[in-house]
Structure formats: C-alpha cells, structure tokens
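# Tertiary structure, described
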Amino acid sequence: MAEDLLERLKAIDFAVLTDIVRQDQNDLSFEISSWNVKRLSDKGIVNPDGLWLFSGIGGHETRPWSIVLKILTRPSEEPTVDNVWHWKREFSFAQSSLSKHLPGPIKAPRIYHTEETPAGCWIWMEYVQGIGPDPWTLDEYAFAAHQLGLWNGSYLTGTSLPSESWFTRQPYRSWLSGMDFDKDIQSPLHQKYLPKEILTRYKELSAERETFFKALENLPQVFSHFDSQRRNLFIRSGKTGQKELILLDWGQCGVGAIGAELTWLIGLSVALLEWSPLEIARLDEITFPSYMRGLNESGWSGVAELVRLGFTSMFTVYIGCALPSLTAWWCDPEHSQFALQQFNHAEEELYLKWLPIFDHAIKYADEARISMKKLSFL
C-alpha cells in the first residue's frame, strides 16, 4: 500500500507543489529546482502510512526546503464526531482558526493547503524539526509541561473556551468502549505476572470508572490536545531565539479537565517507551510542578489539588483502565511485528517493559480517590 501511494505522490501536480513550497518559503516567486518524496515515519500507530516528506532545493540561492503531507484515510464506518477516533478531526482543526491562533506559547505546524477526496483528506503542512537531545532529558519534559500549563491556564484567565462541533467529548468513554476487559484480563501474561490482589484491584477499577469520569467532568475545563506525548512534541528555536513547543497531530483535541494533559506527557510517553516505565515517579516529580508553574504564570490561582485530581483521574481511566486490554493486544504474538516496529520489543519482552505501569496506575487511582473525598467530589 505504501509503495503504491509513493508512486502516486511522485506524480503529483507540480503546480500544486510549487504553490505550497512558496507558502513555506514566504516567497511568491520561489521556483523548485529538484525534489523528491519519501515516507517520513512509520511510527504512527493509527495511521502508519500517513506521513510523507517532500524535500528539495530551489530559488536563486538554491535553498533547501521540506514540507509534510499528512494523508487521512476515510474509514468504511465513520465514528461519531465526538468519538476519540473520529477520523476527520485533524482535518477540521487544520481548516479552523484554532490552528493559527492558539493562545499562550503553544503552536501548531503552519498549514498550507487542505483538500478532501473520496478516499480521505490531505493536509499539507510545515516540516517541524526539534532541537536538543533525543531522547529527551527531564529538562525537556519540564519545559513542555510548563508550556502546556501556560496554554491550559489561558482558558481559565480570559481566553474564550472553544466549543467546535468536531471536538472530542469525554474521550475516555469512547477510548474504553472498544475494550473487552473481562476477556483481556484473562491474558496468559496477566495471569503469569500480576498477583491476585493486583488483578482484583483492576477488576474493581474497571467497575468504578464512572466515579473518575464524573470527577473529570466536574473539574475546570480547558482546551486540550489529548495526545501530547513525546512523539508529538517538538522543541525548537522561535523567531527571536527563544525556545517554543510545537504540538503535532491534533486528531484527538477537545475540551477536558485541568491537569489531564499530563496523562499523555507522562503516561503515554512512558507507554510508548520514550521514557523508562521504571522512572514514572521521577518524571511526575519534575513535570507536575512545571505544569503548575505555567498555570500560575498564566494568572490562574487555583489549588494544586484540583490539578492533581485532573491528572490522576485521567491517568486512572485512560491508562489504568485500558492497561489490561492494551497490553494483552500488543503482546499477543499475532501483533509482534507491529509491536517491534513501534517499540523495538514484542510479546513477553514488551510486557515486562510495561509491567511497572500497572502498580503506578493503582497508586494514581488511590491518590485520586483521596483527593475526591477531600475536595467533596464523592
């Protein structure tokens, strides 16, 4: 499939490509001298064949240029617009004013052109490259958390909260709806490695998920990316030399609880093995205060325990309640090739990498319950 698509992209309308490159170069007379196209990444879990990099040289000074084409494939059955898996949400975001006018320091890639076809949607955008170490150190995660705090806080201190019809609504509900907990908890790896008391705790957690849902829905609400994990975050130098945070892939964005964004920065970065699962506590220790500092600098003066409840409740339902099903699926031998592509580990080896997350999810659930009682959410 990717090979067939590559051949189609090699034959793309040169006039269309030229117009897009001119936007990228801010030069209406820019002429392309040569170009090529290749797949940018195969790390997209939902859309592994969707990212393509066009690059070449042109102009009087033979300047190099690069732009990205993201292709969203129309599914045979379309989820409702509020569903976390609504396939067209990033296209809607790219066409909206939100992509150009995010408050605070957060930025999205520049969008140059969008088009819809019977097969799906195409989004032409800026090629974003980061600076600094890879993998990230704690300093980069702390910076990202601070920027996310500034951004989220702006919606609590004067910026109007958007309410687009295509936003994700309560993403944890559709996220969990497709998972068969009772079946997945019987996975041989769960039975081998999880003590009976932990298995029991996860059964209880699954049964009481509505308690955490209600807490999230009663907390202060902010515009949220809902996928701000390391693979979607880039730190680069801004126009004046200052560091800025660019968020890619807005396909799950919507409105959610304050603090919930840290679930992806911490929890999903760990689940994707961008940060060691053995060091979740250290990542939390650094990023949460940085996020709080961003909220405070935005002008918000609420209590930290509300923010903490948003984080721990979202981690509980989005990571914790899903963990038995996600690990059972990814560690199944049938999915070993895809797992190796995404994580460089598969089957039992991958399971053991993820094993420390089980204990942390239970700890976050316990912390959330204590906060709910203290804050009268129960």
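Residues numbered from 1 in each chain as written. Predicted model: local features only at pLDDT ≥ 70, side-chain atom pairs only at ≥ 80, totals over all residues. Heavy atoms only, no water.

### Describing the overall build of the protein chain
The test is simple: By the criteria applied, helices consist of DSSP H or I runs no shorter than four residues and strands consist of E runs no shorter than two, each listed in order from the N terminus. Computation of the radius of gyration draws on C-alpha atoms, with the globule rule given as 2.2 Å multiplied by the number of residues to the power 0.38. Should any heavy atoms of two residues lie within 4.5 Å, those residues are counted as being in contact. Accessible areas in this description were obtained via Shrake-Rupley with a 1.4 Å probe; residue shielding takes into account the shown protein chains only. Positive charges are assigned to Lys and Arg, negative charges to Asp and Glu, while His and the chain termini are left out of the count. Just so you know, the charge point we use is NZ for Lys, CZ for Arg, CG for Asp and CD for Glu.
Along its length, the protein chain carries 15 helices and nine strands. In terms of overall dimensions, the protein chain is globule-like: its C-alpha atoms have a radius of gyration of 21 Å, near the 21 Å expected for 378 residues. The C-alpha extent of the protein chain, read off along each of the three principal axes, is 70 × 50 × 40 Å. Partitioning the contacts of the protein chain with sequence separation of at least 6, the portion at a separation of at least 24 is 73%. Put simply, the protein chain shows about 16,900 Å² of open surface, and 52% of that area lies on carbon and sulfur atoms. Taking the 36 positively charged and 48 negatively charged side chains of the protein chain as two groups, their mean positions are separated by 3 Å.

### Looking at the packing of helix H12 (residues 304–320) against helix H15 (residues 347–374)
How we decide: Axes here refer to lines fitted to C-alpha atoms; in helices the fit is confined to the stretch in contact. Angles between the N-to-C directions go from 0 to 180 degrees. Any angle from 65 to 115 degrees is called roughly perpendicular, while one under 35 is roughly parallel, one over 145 is roughly antiparallel, and all others are oblique. Left-handed describes a crossing whose near helix is turned anticlockwise from the far helix through less than a right angle; right-handed describes the clockwise counterpart. Asp, Glu, Lys and Arg are counted as charged, while Ala, Val, Leu, Ile, Met, Phe, Trp, Tyr, Cys and Pro are counted as nonpolar; the rest, among them Gly, fall into the polar class.
The N-to-C vectors of H12 and H15 enclose an angle of 140°; their axes lie 8 Å apart at closest approach. In terms of axis orientation, H12 runs oblique to H15. Handedness of the H12/H15 crossing: left-handed. From H12, Glu-305, Arg-308, Leu-309, Phe-311, Thr-312, Ser-313, Phe-315, Thr-316, Ile-319 and Gly-320 reach across to H15, where they touch Ile-357, Ala-361, Tyr-364, Ala-365, Glu-367, Ala-368, Ser-371, Met-372 and Lys-374. Split into classes, the residues belonging to the contact of H12 with H15 amount to 10 nonpolar, five polar and four charged.

### A closer look at the packing of aromatic side chains
We apply this condition: Classification of ring pairs rests on two measures: the distance between centres of Phe, Tyr or Trp rings, Trp counted by its six-membered ring, which must be within 6.5 Å, and the angle between planes, read as stacked under 30 degrees, edge-to-face over 60 and tilted in between. Here the term buried applies to any residue with accessible area under 20% of the maximum for its type, exposed to any over 50%, and partly exposed to those in between, with areas from a 1.4 Å probe on protein chains only. A ring is considered to have a charge above it if a Lys NZ or an Arg CZ atom is located within 6 Å of its centre and within 35 degrees of its normal.
Under the criterion given, the structure shown has 28 aromatic pairs. Look at Trp-122 and Trp-124: their rings are 6.4 Å apart centre to centre, the planes differ by 65°, and that puts the pair in the edge-to-face class. Judged on exposure class, the residue Trp-122 and its partner Trp-124 are both buried. Aromatic pair Tyr-202 and Phe-358: ring centres 5.4 Å apart, planes at 70°, arrangement edge-to-face. Placement of Tyr-202 in helix H8 (residues 196–207) and of Phe-358 in helix H15 is noted, with a sequence separation of 156 residues between them. With respect to class, Tyr-202 is no different from Phe-358; both count as buried. Members of the aromatic cluster, joined through ring pairs, are Phe-93, Trp-151, Tyr-155, Trp-166, Phe-167, Phe-223 and Trp-250. The ring centre of Phe-288 lies 4.8 Å from the NZ or CZ of Arg-308, which sits over that ring.

### Structural notes on the nonpolar core
Counted only if it meets this: Only buried residues count toward a nonpolar core. Its members are Ala, Val, Leu, Ile, Met, Phe, Trp, Tyr and Cys residues joined through side-chain atoms within 4.5 Å.
Within the largest apolar cluster, 89 residues are counted, with the highest numbers of intra-cluster contacts made by Tyr-202, Phe-223, Leu-245, Trp-250 and Met-314. By residue number, the principal contributor to this core is H15, which donates 11 residues. With residues near it in sequence (within four places) discarded, Trp-250 still touches Arg-89, Glu-90, Phe-93, Leu-102, Ile-106, Ala-108, Pro-109, Trp-151, Phe-223 and His-225. Counting residues in hydrophobic clusters, the runner-up holds 20 residues, among them Leu-5, Leu-17, Trp-52 and Leu-69.

### What to know about the environment of Ala-304
Tracing the chain through its elements places Ala-304 in helix H12. Among the residues examined, Ala-304 registers a relative accessible area of 36% and is labelled partly exposed.

### Here we look at the pairing of strand E8 (residues 243–247)
Note the cut-off: Any two strands with at least two DSSP-identified bridges between them are counted as paired.
Taking burial as the measure, the five residues of E8 include four buried ones, the bulk of the element. Note that strand E7 (residues 233–237) and E8 share five bridges and pair antiparallel. Within the sheet, the bridge partner assigned to Ile-235 lies in E8 and is Leu-245. In textbook terms, the turn of a hairpin is the stretch between consecutive antiparallel strands, and for E7 and E8 this stretch comprises five residues, one of which, Gly-241, has a positive phi near 95°.

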